[in-house]
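Letter by letter, the chains look like this.
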Amino acid sequence: MTPQLDDLALFLRIVERGTLSAVARERNVPVSQVTRALLRLEAACGARLLLRSTHGLSLTDEGDAVLAHGRRVLDAAEALQGALSGRAAGPAGWVRLSVSPVLAEAVVAPCLPALYRRHPRLQLDISADDRMADMAREGIDIALRTGSTHTDLVVARQIGELRRGLYASPAYVAEHGLPADAGELERHRLIANSRSPSLNHWTLQEGPRKRELRVNGHTRTDNTAVMLALVLHGAGIARLAELVAQPLVQRGALLPVLPERVLVPAAPMYAVMLQERHRLPKVRACVEHLAEWLQAQAGSAMPTATAPPAS
């Protein structure tokens, strides 16, 4: 018996969501219908694919193999469908996007209405998390990332730049004042990033010299959205992306800290795609739109060439 593509797609979604009930709610169908599809796929494969326990679902060895090969089969089918229908009707279908919570709010949310007006048949599934997603296993079509590593598994296109600065809330400044130099800054309540230690190296210009602070933090968090909330509520000073902070500065919710002394080079922002998916019309349409939106925000052209792969 040959596995059906719909059953294969449902199996992949079960693995991504972690429960049959979550997929049933997502599809607005009874759990029994999802269960029957899973049993049908297992019968076609001649093996048990998932094990249930009190800790949830886990893949068998056969399930892990079906997951890897099944995704390639679905990718190929989707690529064929896109090649046949993309030009006539425009890009369509679900695009799964992995992005940090603050960039989801600062970049994805404001540019999404224009994307839908431009490509009304597109649908986005946004995974907002600071962790590094396993793109193949989690079915991620596009990941917005900064920094790069060399790997042949992905294609990365630079779509913008991410600049960062130091910020505090008016409430914090009213209570603690603004630091005048790096020495004073060290004595303030600083908020550190526990997930990305490199973001805790703050370089400041002190006269003719540069001074680097290694921030341990009065408060630490592994989530950029939580970091922003901590700053807004007056918990301390943090390094934030300007895309996120500047609109809040304009509204009076944040104040720049030592803006003339903080030396933070712009980091390239990449749209990262798996090799087998980056040519899909729906993926290309989203990446093009994101690049154009970021270019408009920056007020200057961004590179259009493919950049070195990023992780």
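What this report covers is the structure whose coordinates are included nearby. Note that this is a predicted model, so its numbers are computed, not measured.

What counts and what doesn't
Residues numbered from 1 in each chain as written. Predicted model: local features only at pLDDT ≥ 70, side-chain atom pairs only at ≥ 80, totals over all residues. Heavy atoms only, no water. Core = buried A, V, L, I, M, F, W, Y, C linked by side-chain atoms within 4.5 Å. Buried < 20%, exposed > 50% of the residue type's maximum accessible area, 1.4 Å probe, protein only. Helix = DSSP H or I, 4+ residues; strand = E, 2+ residues; numbered from the N terminus. Lys, Arg positive; Asp, Glu negative; His and termini not counted. Salt bridge = Lys/Arg side-chain N within 4 Å of Asp/Glu carboxyl O. Contact = heavy atoms within 4.5 Å. Pairing = 2+ DSSP bridges. Axes fitted to C-alpha atoms, helices over the stretch in contact; angles between N-to-C directions. Arc of directions from axis to C-beta. Polar contact = N/O pair within 3.5 Å; in protein donor to acceptor, adjacent residues only side chain to side chain. 1 Å grid on protein atoms, 1.4 Å probe; cavity = no way out; pocket = protein on both sides within 12 Å on 5 of 7 lines; lining within 4 Å. Points joined across faces, edges and corners; volume = space filled by probe spheres on them.

All right, on to the nonpolar core then. Soluble globular proteins tend to pack their nonpolar side chains together in the buried interior. In this structure, Leu124, Ile142, Leu144, Ile159, Leu240 and Leu254 are the most contacted members of the largest nonpolar core, which totals 43 residues. Looking at which element gives the most residues to this core, the answer is helix α5 (residues 101–118), with nine residues.

For the rest of this paragraph, the subject is the side chain of arginine 164. Along the chain, arginine 164 falls in strand β7 (residues 164–168). Within the buried set, arginine 164 has no salt-bridge partner at all; the shortest N-O distance to an opposite charge, 8.4 Å, is to aspartate 130. Ignoring anything within four residues of it in the chain, the contact list for arginine 164 reads Thr146, Leu199, Arg239, Leu240, Ala241, Glu242, Val264 and Ala267.

With that out of the way, let us pick up the sheet that holds strand β12 (residues 238–241). By definition, the strands of a sheet pair up through backbone hydrogen bonds, in either a parallel or an antiparallel sense. Sheet architecture is open: three strands sit in the order β12-β7-β13, paired in antiparallel fashion. Pairing within the sheet leaves two strands with one partner each, and these edge strands are β12 and β13 (255–256). Relative to β12, helix α9 (residues 224–232) is tilted by about 120°, and along the sheet it contacts β7 and β12.

Here we take up α9. By the burial criterion, the buried members of α9 are Thr224, Met227, Leu228 and Val231. Down the axis of α9, the smallest arc covering the buried residues is 100°, so these residues share one side. Sitting at the amino-terminal end of α9 is asparagine 223, which places a side-chain oxygen 2.8 Å from the backbone nitrogen of alanine 225. Following α9 by one or two positions, glycine 234 has its phi on the positive side, about 85°.

The full count for this structure, using the stated rule, is one cavity of 30 Å³ or more. A volume near 50 Å³ is recorded for the largest cavity. Considering the residues around the largest cavity, the lining is formed by Val95, Leu97, Val108, Leu112, Leu115, Leu124, Ile142, Cys286 and Leu290. For the lining of the largest cavity, the secondary structure elements donating two or more residues are β3 (93–99), α5 and α11 (281–298). Counting residues per element, the lining of the largest cavity draws most heavily on α5, at three residues.

By themselves, these are just geometric observations and shouldn't be taken as functional.
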